[in-house]
Amino acid sequence: MPRYEFRCRACGDTFEVNRPMAEASAAASCPRGHDDTVKLLSTVAVTGRGGAAGAAPAAPAGGGGCCGGGCGC
C-alpha cells in the first residue's frame, strides 16, 4: 500500500499515511488533530543490485571516456 507524506500547516509536524492509491488525493488530519495539511512530494530511492530472474547481467563498468565508459569511447 502506498505511503503518503503530509505536513501540518498549523503545527509544522510531518507525518505519513498509508492508504490505497484510489484515496491518494483525500485530505489527511494531523496526528495532533489539525485539519490544515498539505501532501508533500516524496522521492523514492532504490538501492542494491537486485534484478529480475533471467535478466541479463549488467555490463562491466567502463574506464573513462566522455561519459565514464558508457558509450565505449
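Here we summarise the structure given alongside this text. Please read these numbers as outputs of a predicted model, since none were measured by experiment.

**A closer look at the overall build of the chain**
- In terms of helices and strands, the chain carries zero helices and three strands.
- With 73 residues in all, the chain has 14% of them scored as buried.
- Contacts spanning at least 24 positions in sequence make up 28% of the contacts within the chain whose residues lie at least 6 apart.
- Element-wise, carbon and sulfur atoms account for 53% of the exposed surface of the chain, whose accessible area totals about 5,800 Å².

**Here we look at the packing of aromatic side chains**
- This model, assessed by the stated rule, comprises one aromatic pair.
- A centroid spacing of 5.7 Å and a plane angle of 15° characterise the contact between phenylalanine 6 and phenylalanine 15, whose relative ring orientation is stacked.

**Some details on the sheet that holds strand S3 (residues 37-39)**
- Strand order in the open sheet formed by three strands is S2-S1-S3, with antiparallel pairing between adjacent strands. What marks the edges here is a single partner per strand, and that holds for strand S2 (14-18) and S3. Taken pair by pair, the neighbouring strands of this sheet meet at an average axis angle of 35°, ignoring direction.
- Bridge count between strand S1 (residues 3-8) and S3: three bridges; the pairing is antiparallel. Within S3, the position partnered with phenylalanine 6 by the bridge is lysine 39.

**Points about the pattern of salt bridges**
- Counted under the stated rule, the structure contains three salt bridges.
- We note a salt bridge from glutamate 16 to arginine 3, for which the minimum N-O separation is 3.4 Å. On the criterion of sequence distance, the pair formed by glutamate 16 in strand S2 and arginine 3 in strand S1 is long-range, its members being 13 residues apart.
- Two residues, arginine 9 and aspartate 36, come together in a salt bridge whose shortest N-O distance is 3.5 Å. Note that arginine 9 is positioned in the loop between S1 and S2 and aspartate 36 in the loop between S2 and S3, a separation of 27 residues in sequence.
- Residue classification places aspartate 36 among the partly exposed positions, given a relative accessible area of 40%.

What counts, and where the lines are drawn
- Residues numbered from 1 in each chain as written.
- Predicted model: local features only at pLDDT ≥ 70, side-chain atom pairs only at ≥ 80, totals over all residues.
- Heavy atoms only, no water.
- Helix = DSSP H or I, 4+ residues; strand = E, 2+ residues; numbered from the N terminus.
- Buried < 20%, exposed > 50% of the residue type's maximum accessible area, 1.4 Å probe, protein only.
- Contact = heavy atoms within 4.5 Å.
- Areas by Shrake-Rupley, 256 points an atom, 1.4 Å probe, with all protein chains shown as cover.
- Phe/Tyr/Trp six-rings, centres within 6.5 Å; stacked < 30°, edge-to-face > 60°.
- Pairing = 2+ DSSP bridges.
- Axes fitted to C-alpha atoms, helices over the stretch in contact; angles between N-to-C directions.
- Salt bridge = Lys/Arg side-chain N within 4 Å of Asp/Glu carboxyl O.

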